[in-house]
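Spelled out from the first residue to the last, the chains are:
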Amino acid sequence: MSDKFQTVVIGGGPGGYVCAIRLAQLGFKTACIESRGSLGGTCLNVGCIPSKNLLNISENYHKAQNFSKLGIEVGEIKLNLKKMMENKDKAVTVLTKGVEFLFKKNKITYFKGTGSFVTENRISILDDQNKETVIEAEKTVISTGSLPVELPGIVFDERIVVSSTGALALKAVPKKMVIVGGGYIGLEMGSVWSRLGAEVHVVEFLESITPGMDREVSTEFMKILKKQGIHFHMQTKVEGITKRTHSAKVSTSDKNGKKINFDCDVVLVSVGRKPNTNSLNLEKIGVELDEKKRVKTDKHFKTNINNIYAIGDVIEGPMLAHKAEDEGIAVAENIAGQSGHVNYDLIPGVVYTSPEVASIGKTEEQLKEMNTKYKIGKFSFMANSRAKAIDEAEGFVKILADEKTDRVLGAHIIGPHAGELIGEIGVAMEFGASAEDIARTCHAHPTFSEAVKEAALSVDKRAIHS
């Protein structure tokens with residue numbers, strides 16, 4: 001007899017494990033299936049968490065090299081990459097074990113293996129020893145995440161031609177690294193290896209980096225990254241990658257058809273991610289997919305099969321851990337007969353470079369396309385006391401508000417701790433705040449958050465320090 005569960009979650013990433021915990025809290029007998037061998041998904045194991053660890057350490061390394069400018073006299077600063085990677089791995093292990101503890105605390109049954117549908121209610125789990133277990137589920141949530149996209153004819157060996165996974169585990173600092181794609185992931189990893197000593201070249205097919213970001217912020221972002229030593233080749237197409245024993249050649253052509261070849265030690269291909277649905281056997285049970293192989297769902301995350309739901313990177317929307325988490329909680333509450341909901345207009349995006357870049361709501365380009373009349377409030381970190389005091393004064397806060405009602409429609413920040421600062425604006429927007437509401441809220445001095453207040457004041461041309 002197979003084990004029976006009221007709810008089963010396939011995938012133990014940020015969306016899946018959060019969903020499983022919420023289902024258990026709501027009283028369901030719950031199981032979670034994860035193929036990786038550890039919980040936390042791409043984000044915790046080979047994505048958000050290890051990359052932030054390396055970003056932090058590499059930034060500290062870079063700062064330490066310039067301590068003498070601040071009056072701190074130190075000896076020779078040396079990089080121990082092996083120890084750095086061990087530190088990263090330790091952080092990942094501690095957090096994945098923490099999620100396992102939460103499963104035990106909430107009495108969730110954890111299956112290690114690859115889950116696939118036998119029928120709408122029966123799921124096969126194949127572990128790493130090819131041992132099969134079959135369980136029964138009244139309701140199932142698909143949360144199997146995404147995989148990095150490969151270029152046609154190019155296979156990741158995670159040594160010379162790498163995805164973000166391989167870029168997090170290089171054995172040595174490459175002398176020269178080429179990054180294909182100017183999105184969030186590529187720029188974060190490029191920042192890490194550039195600070196550690198690599199010559200980094202970014203090849204981007206479009207005319208600007210970070211597609212979808214407010215163009216003014218994107219332009220400023222690229223200027224800052226160029227000053228940090230990262231080389232950009234815009235409107236340039238990759239035509240091929242030739243892999244050698246210890247190096248590679250990247251063949252490209254620019255917008256004028258000029259051929260440019262890059263010889264390098266490592267190529268990071270970072271051109272997007274695709275939904276991880278192939279092993280689920282969805283065709284057999286008739287779950288509908290769209291043209292991008294994403295699972296089709298309604299506004300309650302339900303597929304065309306009545307008892308099967310989907311969340312996270314396998315469905316439409318930004319492939320972000322926090323989006324998946326919110327969906328995990330919402331779908332669990334919907335299954336319980338409550339009113340789970342995700343406000344897709346207010347999902348923040350953050351690039352954890354130095355300085356950080358964060359955004360929420362609409363960009364100027366989107367507002368123009370919508371024919372929405374708006375006002376702009378901007379404030380530079382050059383005029384922020386805290387930022388100047390610690391010599392992190394690059395960037396600005398930009399707030400977009402409705403011309404008539406003053407309601408905040410979007411906010412874009414490039415500067416110190418932007419990822420934390422955007423949260424304040426997110427809460428304000430969730431409650432329908434005006435720019436004046438933010439401007440009239442007392443902010444502690446001296447803090448970076450004062451730049452948010454000043455940008456809000458600037459919407460009506462009332463900024464004090466600019």
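Residues numbered from 1 in each chain as written. Predicted model: local features only at pLDDT ≥ 70, side-chain atom pairs only at ≥ 80, totals over all residues. Heavy atoms only, no water.

**Looking at the overall build of the chain**
So, step 1. Along the chain, the regular secondary structure elements total 14 helices and 22 strands.
So, step 2. In terms of overall dimensions, the chain is globule-like: its C-alpha atoms have a radius of gyration of 24 Å, near the 23 Å expected for 466 residues.
So, step 3. With the C-alpha coordinates of the chain rotated into their principal frame, the extents come out at 70 × 60 × 50 Å.
So, step 4. Counting all 466 residues of the chain, 52% fall into the buried class. (Helix = DSSP H or I, 4+ residues; strand = E, 2+ residues; numbered from the N terminus. Rg over C-alpha atoms; globule rule 2.2 N^0.38 Å. Buried < 20%, exposed > 50% of the residue type's maximum accessible area, 1.4 Å probe, protein only.)

**Here we look at the nonpolar core**
So, step 1. Val 8 and Phe 103 are the most contacted members of the largest nonpolar core, which has 49 residues in total.
So, step 2. Among the elements that take part in this core, helix H1 (residues 14-25) stands out by supplying 7 residues, more than any other. (Core = buried A, V, L, I, M, F, W, Y, C linked by side-chain atoms within 4.5 Å.)

**A short note on the environment of Asp 406**
So, step 1. Tracing the backbone through its elements, the reader meets Asp 406 in the loop between strand E21 (396-402) and strand E22 (408-415).
So, step 2. Asp 406 sits in the buried class, given a relative accessible area of 9%.
So, step 3. Taking the C-alpha atoms as reference points, Asp 406 and Asp 437, separated by 31 residues in sequence, lie 9.3 Å from one another.
So, step 4. Leaving out residues up to four positions away in the same chain, Asp 406 has contacts with Lys 375, Ala 401, Ala 433, Ser 434, Ala 435, Glu 436, Val 459 and Asp 460.
So, step 5. At 3.2 Å, the side chain of Asp 406 forms a polar contact with the side chain of Lys 375. (Contact = heavy atoms within 4.5 Å. Polar contact = N/O pair within 3.5 Å; in protein donor to acceptor, adjacent residues only side chain to side chain.)

**Section: the side chain of Ser 434**
So, step 1. Along the chain, Ser 434 falls in the loop between helix H12 (418-430) and helix H13 (435-439).
So, step 2. By relative accessible area, Ser 434 is classed as buried at 14%.
So, step 3. If near-sequence neighbours (up to four positions away) are discounted, Ser 434 is found in contact with Thr 405, Asp 406, Arg 407 and Val 408.

**Some remarks on a nonpolar patch on the surface**
So, step 1. Nonpolar side chains collect at one region of the surface, where Leu 70, Ile 72, Val 74 and Ile 77 lie side by side and expose about 330 Å² of accessible area between them.
So, step 2. Tracing the sequence through the fold places Ile 72 in the loop between helix H3 (48-64) and helix H4 (81-105).
So, step 3. By relative accessible area, which is 39% here, Ile 72 ends up partly exposed. (Patch = residues over 30% accessible without salt bridge, like charges linked within 9 Å, V, L, I, M, F, W, Y side chains within 5 Å. Areas by Shrake-Rupley, 256 points an atom, 1.4 Å probe, with all protein chains shown as cover. Salt bridge = Lys/Arg side-chain N within 4 Å of Asp/Glu carboxyl O.)

**Let's talk about the packing of aromatic side chains**
So, step 1. What the rule picks out here adds up to 2 aromatic pairs.
So, step 2. Measuring from ring centre to ring centre gives 6.0 Å for Phe 5 and Phe 111, while their planes differ by 90°; the resulting arrangement is edge-to-face. Taken together, the positions of Phe 5 in strand E1 (residues 3-10) and Phe 111 in strand E3 (residues 109-112) put the pair 106 residues apart, joining distant regions of the chain. The two residues Phe 5 and Phe 111 agree in class, both being buried.
So, step 3. Between the aromatic rings of Phe 103 and Tyr 110, the centroid separation amounts to 6.0 Å while the plane-to-plane angle is 85°, which identifies the pairing as edge-to-face. Each member of the pair, Phe 103 as well as Tyr 110, carries the same accessibility label: buried.
So, step 4. Above the plane of the ring of Phe 5 lies Lys 29, whose end atom (NZ or CZ) is 5.0 Å from the centre.
So, step 5. Here Lys 378 stacks its cationic end above the ring of Phe 396, 4.6 Å away from the centre of that ring. (Phe/Tyr/Trp six-rings, centres within 6.5 Å; stacked < 30°, edge-to-face > 60°. Lys NZ or Arg CZ within 6 Å of the ring centre and 35° of its normal.)

In short, geometric facts, not functional conclusions.
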